[in-house]
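The primary structure of each chain is shown beneath.
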Amino acid sequence: MAPTVPLALLVLVTLLAPGLGVAFPGCDYPAHLWCSSWEIAVACQAESRCTNLSRPAVAPVELSLYYESLCPACRWFLVQELFTTWLLLPAEALSITLVPYGNAEVGTDPTRGRGRWSRCRRPRSDRLILQERNVSGKWHFQCQHGAEECLGNMIETCLMHEAKNFSTYFPVIFCLESGSSVTKNLEACLQIYAPQLDGGRIAACVQGDTGAALMHRNAQLTEALSPPHQYVPWIVINGKHTDELQAQAEASLLGLICRLYQ
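Residues numbered from 1 in each chain as written. Predicted model: local features only at pLDDT ≥ 70, side-chain atom pairs only at ≥ 80, totals over all residues. Heavy atoms only, no water.

Draft legend 1. Quick look at helix H6 (residues 186-193). Of all the positions in H6, only Leu186, Cys189 and Leu190 are classed as buried. Along H6, the residues classed as buried sweep out an arc of 100° about the axis, all on the same side. Relative to its buried face, H6 has exposed residues pointing more than 90 degrees away, namely Glu187, Gln191 and Ile192. Of the surrounding elements, those touching the buried residues of H6 are helix H4 (147-163), helix H5 (166-178) and helix H7 (199-207). (Buried < 20%, exposed > 50% of the residue type's maximum accessible area, 1.4 Å probe, protein only. Helix = DSSP H or I, 4+ residues; strand = E, 2+ residues; numbered from the N terminus. Arc of directions from axis to C-beta. Contact = heavy atoms within 4.5 Å.)

Now the structure itself:
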């Protein structure tokens, strides 16, 4: 007479032996179909057995940075956190959008950020000047840190327009933002990081209608933020901005992206 196997032991073997064709909770498929797709393999906890399947591509984490070219906190985040994270991660893990525009109003005596993490906040005053104005069909801009910042925003916007490819223009923007002058080092930064780009075309964009139209688009993107931004740098992750995401990105952007990219 065959020995009797306790029922409890049979249940334990059933739960711990997927190789025997036992279904798991959430797996409504027979064993011969477990390796027919990655989704079914995951549901039936059979990933290790399905060597014929490749793991499906994971969507990149999407990060949008709304910033001002001369804001100290913006420059620090872009240079120390965003650029280094981009260098360390594979290209498919992170998709970055840069929107240089910033605060929608300029105070008559704006407070400028001091120190590494002094965010540049939107002014609160009864005497505010709109940053963007349409005068006789042409867009004119005023910026929180003066005319040089408007020029820096425009240079970086036109650089992105001319270069098209993120991996081409981001090192140049890093060079500008980490250097002594955002507005005076374009030719030097192009020579180092993107000698194939024509500085004359970028200058023509900055001085012409194209640059103004591109900056107007940046203004529209910034003004459409929900919730409305209160300061820069303003960081949006996968279409969402929260105080928690902002704090995590500022503390360790690499760690945040690695947690989200699964």
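Draft legend 2. Inspection of the layout of surface pockets at higher detail. Considering only enclosed or pocket space, the second largest pocket measures out at about 210 Å³ in volume. Every element with two or more residues in the lining of the second largest pocket is listed here: strand S2 (94-100), H4 and helix H8 (209-223). Broken down by element, the lining of the second largest pocket gets its largest block of residues, 5 residues, from S2. The class makeup of the residues in the lining of the second largest pocket is 8 nonpolar, 4 polar and 2 charged. (1 Å grid on protein atoms, 1.4 Å probe; cavity = no way out; pocket = protein on both sides within 12 Å on 5 of 7 lines; lining within 4 Å. Points joined across faces, edges and corners; volume = space filled by probe spheres on them. Nonpolar A, V, L, I, M, F, W, Y, C, P; charged D, E, K, R; others polar.)

Draft legend 3. Spotlight on the pairing of strand S9 (residues 234-237). Burial of S9 is two-sided: the residues Trp234 and Val236 facing one way and the residues Ile235 and Ile237 facing the other way are all buried. Relative to S9, strand S1 (residues 61-67) runs antiparallel, the two sharing 4 bridges. Paired with Leu63 across the bridge in S9 is Ile237. (Pairing = 2+ DSSP bridges.)

Draft legend 4. Focus on the nonpolar core. Leu63, Leu65, Leu82 and Leu98 are the most contacted members of the largest nonpolar core, which has 51 residues in total. At 8 residues, H5 tops the list of elements feeding residues into this core. Here Leu82 is in contact with Leu63, Leu65, Phe77, Ile96, Leu98, Phe170 and Leu253, once residues within four sequence places are set aside. In this structure, Cys27, Ile40, Ala41 and Ala46 belong to the second largest nonpolar core, which totals 7 residues. (Core = buried A, V, L, I, M, F, W, Y, C linked by side-chain atoms within 4.5 Å.)

Draft legend 5. A look at the state of the cysteines. Evaluated as defined, the whole model comprises 5 disulfides. Covalent S-S linkage joins Cys143 and Cys150, the inter-sulfur distance amounting to 2.1 Å. Here Cys143 and Cys150 share a disulfide; its torsion about the S-S bond, 110°, makes the bridge right-handed. The burial state of Cys143 is the same as that of Cys150; both residues are buried. In this structure Cys74 is a free cysteine whose sulfur lies 3.4 Å from that of Cys71, the closest cysteine sulfur available. (Disulfide = S-S within 2.5 Å.)

Draft legend 6. Inspection of the confidence of the model for the protein chain at higher detail. This prediction gives the protein chain a mean pLDDT of 82; 76% of its residues lie at or above 70. Within the model, the stretch residues 106-116 combines pLDDT values under 50 with 24 contacts to residues more than four positions away or in other chains. (pLDDT = per-residue confidence, 0-100.)

Draft legend 7. Up close: the packing of H4 against H8. The N-to-C vectors of H4 and H8 enclose an angle of 100°; their axes lie 9 Å apart at closest approach. The orientation of H4 relative to H8 falls into the category roughly perpendicular. On H8, the residues touching Asn153, Met154, Thr157, Cys158 and His161 of H4 are Thr210, Gly211, Ala212, Leu214, Met215 and Asn218. Looking at the contact of H4 with H8 residue by residue, the classes come out as 5 nonpolar, 6 polar and no charged. (Axes fitted to C-alpha atoms, helices over the stretch in contact; angles between N-to-C directions. Parallel < 35°, antiparallel > 145°, perpendicular 65-115°, else oblique.)

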